[in-house]
Amino acid sequence: MHIYLHSSTQHTYSFTTQLKVFSLAESLGAVESLAESPALMTHASVPPDHLKKLNIDETMIRLSIGIESCADLVHDLDDALNAALESIMLPEMT
């Protein structure tokens, strides 16, 4: 499953670093939930024009769902999205 955060690379990174249940890693074939940014990780060496054809940009997050509780995963995503949103909104408020 993948999602796009309609923001900057910095805010996408902020989102991934706020995750607590999901680990920021490429797929390791294990049972834990993972999050990764393909443009910055698995596809980092792919030319930009090819990434565009694949609909991969720096705001795309790929999620691999593991065996953790659904409630824990949803709560983790919600917390990370709220923290990323807060980091976007704070500069506008000052």
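Preceding this paragraph is the structure being described.
Note that the structure is a prediction, hence the values are computed from the model and not measured.

*Asks:* Explain the environment of T9 here, please?
*Replies:* Position of T9 among the secondary structure elements: in helix α1 (residues 9-18). For T9, a relative accessible area of 30% corresponds to the partly exposed category. When the C-alpha atoms of T9 and I56 are compared, they prove to be 12 Å apart, with 47 residues separating the residues in sequence. Aside from chain neighbours lying at most four places away, what touches T9 is L40 and E58.

*Asks:* Even after reading the chapter, I still don't get the pattern of salt bridges, so can you show me in this structure?
*Replies:* Should the charged atoms of two oppositely charged side chains come close, the side chains can pair. Scanning the model with the defined rule gives 1 salt bridge in all. Of the charged contacts in the structure, one is a salt bridge between E36 and R62, with a shortest N-O distance of 3.4 Å. Of this pair, E36 sits in strand β3 (residues 34-36) while R62 sits in strand β4 (residues 60-64), placing them 26 residues apart in sequence. You can call R62 partly exposed: its relative accessible area is 28%.

*Asks:* Is there a simple way to explain the side chain of S37 in this structure?
*Replies:* Following the sequence through the fold, S37 ends up in the loop between β3 and α2 (48-53). Excluding residues that lie within four positions of it along the chain, S37 makes contacts with T42, E58, M60 and I61.

*Asks:* What am I meant to see in the sheet that holds strand β2 (residues 23-24) here?
*Replies:* Hydrogen bonding along the main chain pairs the strands of a sheet, whether they run parallel or antiparallel. In space, the 4 strands of this open sheet follow the order β1-β4-β3-β2, with mixed pairing throughout. This sheet does not close on itself; its edge strands, each paired only once, are β1 (2-4) and β2. As judged from the 2 bridges shared by β2 and β3, these two strands associate in the parallel manner. Its bridge partner lying in β3, S23 is registered against L34.

*Asks:* Even after reading the chapter, I still don't get the side chain of T16, so can you show me in this structure?
*Replies:* Along the polypeptide, T16 turns up in helix α1. The class of T16 is buried, set by a relative accessible area of 7%. What T16 contacts, discounting residues up to four positions off in sequence, is L24 and I61.

*Asks:* How do you make sense of unusual backbone geometry when you look at a structure like this?
*Replies:* Glycine aside, residues mostly have negative phi angles, and peptide bonds mostly take the trans form. Of note, N55 is a non-glycine position whose phi angle comes to about 60°, a positive value. Secondary-structure assignment places N55 in the loop between α2 and β4. Judged by its relative accessible area of 53%, N55 is exposed.

Conventions used here
Residues numbered from 1 in each chain as written. Predicted model: local features only at pLDDT ≥ 70, side-chain atom pairs only at ≥ 80, totals over all residues. Heavy atoms only, no water. Helix = DSSP H or I, 4+ residues; strand = E, 2+ residues; numbered from the N terminus. Buried < 20%, exposed > 50% of the residue type's maximum accessible area, 1.4 Å probe, protein only. Contact = heavy atoms within 4.5 Å. Salt bridge = Lys/Arg side-chain N within 4 Å of Asp/Glu carboxyl O. Pairing = 2+ DSSP bridges.

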